[in-house]
Amino acid sequence: MALQKLKKTLVFDYIQIIVGAALVALAFNIFFLPSRIAAGGVSGISTIIYELYAFNPAYVQWLINIPLLILGVVLAGKEFSVKTLVGTFFVPFFIWLSAGINVHIENPMLSAIYGGILLGIGLGIVYRGNGSTGGTALIAQLLKKYTGLSSGFSQLLVDGLVVVASALVFDFELALYALMSIYVTSKVIDFVQLQTSTTKLVLIITDKEEEIQNIINNEINRGSTKIKTIGGYSNEEKTMILCVVEQTEAIYFKKLLQAQEPSSFVIFLNASEILGRGFSRARYDEEEIK
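Residues numbered from 1 in each chain as written. Predicted model: local features only at pLDDT ≥ 70, side-chain atom pairs only at ≥ 80, totals over all residues. Heavy atoms only, no water.

Colleague: Hey, could you go over helix 10 (residues 209–220) for me, with residue numbers and the actual values?
Modeller: Its 12 residues place the ends of helix 10 16 Å apart at the C-alpha level, agreeing with the 16 Å of an ideal helix rising 1.5 Å per residue. When we look at burial in helix 10, the residues that qualify are Ile212, Gln213, Ile215, Ile216 and Ile220. The arc enclosing the buried residues of helix 10, seen along the axis, measures out at 155°, which places them on a common side. Summarising the geometry of helix 10, the exposed residues directed more than 90 degrees from the buried face are Glu210 and Asn218. The first or second residue beyond helix 10 is Asn221, which carries a positive phi of 60°. (Helix = DSSP H or I, 4+ residues; strand = E, 2+ residues; numbered from the N terminus. Expected span 1.5 Å × (residues − 1). Buried < 20%, exposed > 50% of the residue type's maximum accessible area, 1.4 Å probe, protein only. Arc of directions from axis to C-beta.)

Here is the structure:
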């Protein structure tokens, strides 16, 4: 009972962010840096700079993250909360703290796979705490905000540039291992958060239509479709609201619904393909079915 109460508190969110940040740092120091695998993001940039100039990766990540965080706050305001600041600080801190660990893994494929798994677990835990590790994820979020691209595609573009740079600094083979690690990481993040695919169709059956609509519009910033329904047992009229969200949004949306509208009946389903603005490009726009 006490554990259930703790999970609903803000303190537990911060615990998850800090624990996740520690796992992210271990993945970097144990697997990625020794094998020279630049698996995207600021950690990948710091790996490349370490190879070229032997600068401490923790300091490099702090130096890159601070201006990115300031830029994020200026351009996106409340979307970049204190939780993002916590994640941004603790990942380089734990990298600095665990710098002496040396497991002597010489096979880059093993480093790519197991590093990707550990990184995915760490990031998944951070996201479950509604946090962020900053870095290029901030750039991807800003890219999504101002271009309408999906979160996944925006992150892929940013990470892709880092991988291309690693191919030039290291070699093409290590760049391929980096791509493998990014893929493994994305799948593990998905498993840790929702145990399924990255895009969710949310069905909400409720008699509090306006309240749910406000949450979707103001907190999630997604479109929705409303369908009038009749309860099979109560024979009362209700509203079914359909909304499509991405994995990080789904976790946040779930917590909002549990806190603000716990009486609503909610179903999360896997959505294999979404066509429309904010997801895959198509000639039909999500706004047309609102």
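Having seen the model, we can carry on.
Colleague: Help me get a handle on the environment of Glu249, residues and values and all.
Modeller: Positionally, Glu249 belongs in helix 11 (residues 247–260). The spacing of Glu249 and Glu219 is 30 residues in sequence and 9.5 Å in space, taken between C-alpha atoms.

Colleague: I'd love a proper account of the side chain of Asn29, names of residues and values included.
Modeller: Within the element layout of this structure, Asn29 appears in helix 2 (residues 10–35). Side-chain polar atoms of Asn29 contact the side chain of Ser98, separated by 2.8 Å. When sequence neighbours within four positions are dropped, the list of residues in contact with Asn29 reads Pro34, Phe94, Ile95, Ser98, Ala99 and Ile101. (Polar contact = N/O pair within 3.5 Å; in protein donor to acceptor, adjacent residues only side chain to side chain. Contact = heavy atoms within 4.5 Å.)

Colleague: Summarise the confidence of the model for the protein chain; cite the residues concerned and give the values.
Modeller: Predicted coordinates in areas of low pLDDT are best not read in detail. On average, residues of the protein chain score 81 in pLDDT, and 82% of them are at 70 or above. Of all secondary-structure elements in the protein chain, the lowest mean pLDDT belongs to helix 1 (residues 2–7), at 54, while helix 2 reaches the highest, 92. Here residues 281–290 is modelled with pLDDT under 50, and outside its nearest four sequence neighbours on either side it reaches 19 contacts, counting other chains as well. (pLDDT = per-residue confidence, 0-100.)

Colleague: Tell me about the nonpolar core, and please be specific about residues and values.
Modeller: Among the nonpolar cores identified, the biggest contains 33 residues, and Phe32, Ile37, Ile95, Leu119 and Leu123 are the most heavily contacted of them. Take this core: its biggest share by element is nine residues, from helix 2. Residues contacting Leu123, with those up to four places away along its chain left out, are Val24, Thr133, Thr185 and Ile189. Within the second largest apolar cluster, 13 residues are counted, among which are Cys243, Ala250, Phe253 and Leu256. (Core = buried A, V, L, I, M, F, W, Y, C linked by side-chain atoms within 4.5 Å.)

Colleague: Tell me about the sheet that holds strand 2 (residues 225–230), and please be specific about residues and values.
Modeller: Strand order in the open sheet formed by four strands is 2-3-1-4, and the pairing between neighbours is antiparallel. The open sheet is flanked by strand 2 and strand 4 (265–270), the only strands paired with a single partner. Each strand of the sheet is rotated relative to its neighbour by a mean of 25°, with strand direction disregarded. Sheet topology note: the strand 1 (residues 199–206)/strand 3 (residues 237–246) ladder contains eight bridges and is antiparallel. (Pairing = 2+ DSSP bridges. Axes fitted to C-alpha atoms, helices over the stretch in contact; angles between N-to-C directions.)

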